[in-house]
Amino acid sequence: MVRTFASLLLPISAFLSAAEGQTGRQPTVAPKQYLSLPLGSIRPTGWLYDQLIVQTNGLAGHEHEFYDYVSETDWMGGPSYYSSLEEGEFNAMVPNGILANNSGIIERTQEFLDYVLAHQDSTGWMGPEVNTTKPRYLWGRYPFMFGAIQMVEYNPDLTDQVVDAFYKFVTLANQMLHNGEGVEAWTQTRWEDFVMTLQWLYDFHPNGNEALLIDTMEQLKYTGVPWEEVFEAQYFPTIATLSQVLCYRQWHGVNMAEGLKALPATYRFTHNQSDLDRASEGWDLLFQYHGRPSGIYAADEYLAGLEAARGTELCLVVVRSYLYQVIGDPKYVDRVERIAYNALPAELTGDFWSRQYLQQQNQIAAKNMTPNPFPNDGPYSNVFGLEPNYPCCTVNHPQGWPKFITNAFVTTADQSSLAQVYLGPFQTKTTLAAENPVTVTVNTIYPFSDTLNTTITAAKAFTYYVRIPSWVVNGTISINGGTPSAVSPTNGLQAVQVEAGTTTFVLDLPAEITTENRPHGSIAVHRGPLHYAFDIPRTSKILTQNGEQPLAKDLEFDASTAWEYAIDPSTLQFVSKPPASGTLPSPVFDSGLPPLSMTVTACPIDWPVAGSTFAASPPTQPTCTGAQKTITLTPYGATKLRIGEFPVFTAK
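Remember, predicted model here, so these are calculated numbers, not experimental data.

1. A look at the packing of helix α3 (residues 59–66) against helix α6 (residues 103–118)
In a pair of packed helices, the angle between the axes and the distance between the axes together describe the arrangement.
Argument step 1. Contact pair α3 / α6: the axes reach a minimum separation of 10 Å and the direction vectors enclose 55°. As judged from the angle between their axes, α3 and α6 are oblique. Considering the relative orientation of α3 and α6, their crossing is left-handed. In this structure, α3 uses A60, G61 and H64 to contact α6, whose residues at the interface are G104, I105 and R108.
Argument step 2. Residue composition of the contact of α3 with α6, by class: two nonpolar, three polar and one charged.

2. Details of the confidence of the model for the chain
Argument step 1. The predicted model of the chain has a mean per-residue pLDDT of 93, with 95% of residues at 70 or higher.
Argument step 2. Below pLDDT 50 for its whole length, residues 1–24 participates in 44 contacts with residues either more than four positions away or in separate chains.

3. Side note on a negative patch on the surface
Argument step 1. The grouping of D68, E72, E387 and E548 at the surface amounts to a negative patch.
Argument step 2. Along the chain, E72 falls in the loop between α4 (68–71) and α5 (90–99).
Argument step 3. The partly exposed category is assigned to E72, whose relative accessible area is 38%.

4. Things to note about the nonpolar core
For soluble globular proteins, the rule of thumb is that nonpolar side chains tend to be buried together.
Argument step 1. One finds W47, F144, Y297, W401, F409, Y464 and L633 to be the most contacted residues of the largest nonpolar core, which totals 183 residues.
Argument step 2. Looking at which element gives the most residues to this core, the answer is helix α8 (residues 159–178), with eleven residues.
Argument step 3. Apart from residues lying up to four places away in sequence, W47 is in contact with Y341, W401, P425, T444, I445, Y446, P447, F448, L584, V588 and F589.
Argument step 4. Grouped together as the second largest cluster of nonpolar side chains are ten residues, L59, V70, I105 and W353 included.

5. Quick word on the packing of α8 against helix α11 (residues 210–222)
Argument step 1. Between α8 and α11, the shortest axis-to-axis distance is 10 Å and the interhelical angle comes to 45°. With respect to α11, the element α8 is oriented oblique. Where α8 crosses over α11, the two elements pack in a sense that is left-handed. The residues of α11 that touch α8, namely those facing Y167, V170, T171, N174, L177 and H178, are L212, L213, D215, T216, Q219 and L220.
Argument step 2. When the residues that make up the contact of α8 with α11 are grouped by side-chain class, the tally is six nonpolar, five polar and one charged.

6. A short note on the state of the cysteines
Disulfides are covalent bonds that link the sulfur atoms of two cysteine residues.
Argument step 1. A complete count under the given rule lists one disulfide for this structure.
Argument step 2. The partner cysteine of C603 in its disulfide is C624, sulfur to sulfur 2.0 Å. Measuring handedness by torsion sign, the sulfur bridge of C603 and C624 sits at about -75° and is left-handed. Placement of the pair is C603 in strand β24 (residues 596–604) and C624 in the loop between β26 (614–615) and β27 (629–635), with a sequence separation of 21 residues.
Argument step 3. Note on C603: relative accessible area 0%, which makes it buried.

Rules used throughout
- Residues numbered from 1 in each chain as written.
- Predicted model: local features only at pLDDT ≥ 70, side-chain atom pairs only at ≥ 80, totals over all residues.
- Heavy atoms only, no water.
- Axes fitted to C-alpha atoms, helices over the stretch in contact; angles between N-to-C directions.
- Helix = DSSP H or I, 4+ residues; strand = E, 2+ residues; numbered from the N terminus.
- Parallel < 35°, antiparallel > 145°, perpendicular 65-115°, else oblique.
- Left-handed = near helix turned anticlockwise from the far one by under 90°.
- Contact = heavy atoms within 4.5 Å.
- Nonpolar A, V, L, I, M, F, W, Y, C, P; charged D, E, K, R; others polar.
- pLDDT = per-residue confidence, 0-100.
- Patch = residues over 30% accessible without salt bridge, like charges linked within 9 Å, V, L, I, M, F, W, Y side chains within 5 Å.
- Areas by Shrake-Rupley, 256 points an atom, 1.4 Å probe, with all protein chains shown as cover.
- Salt bridge = Lys/Arg side-chain N within 4 Å of Asp/Glu carboxyl O.
- Lys, Arg positive; Asp, Glu negative; His and termini not counted.
- Charge placed at Lys NZ, Arg CZ, Asp CG, Glu CD.
- Buried < 20%, exposed > 50% of the residue type's maximum accessible area, 1.4 Å probe, protein only.
- Core = buried A, V, L, I, M, F, W, Y, C linked by side-chain atoms within 4.5 Å.
- Disulfide = S-S within 2.5 Å.

Here it is as structure tokens:
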């Protein structure tokens, strides 16, 4: 008999009893396959650096000046907060400020850290609940600790202060967990973030506390959602879910991303291969039943199925999985790269001053929708603005690009080799094992080009690796000016033997145009890491403007031309017009600016709207209502109104 999902969520007391009965545990934490580099070791260059600066010149770099949830945050003694969860902005601001070398943000994050640590109380609790009657839920500490870890990575002088404060809190949290305290619904779903912090302490600063750390990891798991069962095929939702569904917090989009992290984090202290197997199975289920051509999955609060009018939350887009570092399967980094170059830029205006709460694959308007296609979110959800629907994405979105950058390179577990796993323009400096200082510079406009030029300097010989994405066809590598030869990756990684001194190589990574089958007989179009869509010309209207910062405004976008087209995929043609200067426009992710496009034969069709503001499902077997014409498709990330899933016809 198949159990109902209700049986997965027992009272906390039951989890505690189960935890106390565990025997034969492994008293160690398993190593990761790949190790991240400290914040600041990897820097963006070229267009990616420009993208980070554009972000920093936008909302991300100024919200601490005027946006009350940040400028007057109760984490620093102010009166402002938007939820009892106490999700602060610190985790996103830290890497943004350091990678952009923005003194204002760096000063603000240092003040934030200093204030929190200075006000940690005698019990070990830290955060805005100190000296108040606010409820003490554990989860709000977890993003703060991620931010503090990044500050320690960048400035090791902070190590003792931060680690001492962490251990005071861990001791308290361990007691609370054993007593069933500090755990509410969100803490039950997001416990893995704390486990990852505990594992950072175990890996780098155990200080004789290994037993405390592992016991706290176990308590978090046993008082939390059992993700190994949530991602079991018999329970997993294959259609859109609603908040009324039993145990709905598990199907919340951001929580699903958290759950995927939980399984490799659990593996590290259980040593159970089944945890890694279930993570892989859950990943595949998630994208099979809820995936988007933009790389992400649909979740307008809860898992939203495959319909093109449903939404994806910006907070979900910027949550990065660390599955690759533990498991090593290249499917994880392939998808994260797609998300970064498609879904992420699509959800913000080109100048980064306005963001959406939800994006749609087929988005014919961004406005106050009545009715709207999002069962659990408001009609303002796809407006580009300061805080449409909820404030969380305003404070969380700045971590997207910085964390993509900081995870672009990893070392092998023995730190003898370095690997580039996200492709783009970067420079990284690190010291490998055996005192081998290494500098890597990658000169490219990828993903707007297939070519990457890499220069490596090293004191000693070592093996360098670079990821070859799964979509590459007939890729080649030329080392030190030699004749190009076919790439031959193993598990997604191409090995390059680097000698002492300077080594250069050129990668050419072409890809074919591919189409992806979508609901109702529609298709999506891809080439390489980029998804292509019809960029609907738009009009713009200011809905509201912030009184303190007039650049922060809510914008309505409406289609100014027809968008109701079917396409003939056999006529797709790829067009590349690289900039003669070698420099991309700034910003690059906006209408008409990327140097890549496709042309395709299309014809107008009858395509109803639902309500008056969003497209109905793509018509099946549509009939042309007018003459055929050639339309242009552009990278999805540069579009703000779009059709990304098309009905098809056969051109004559």
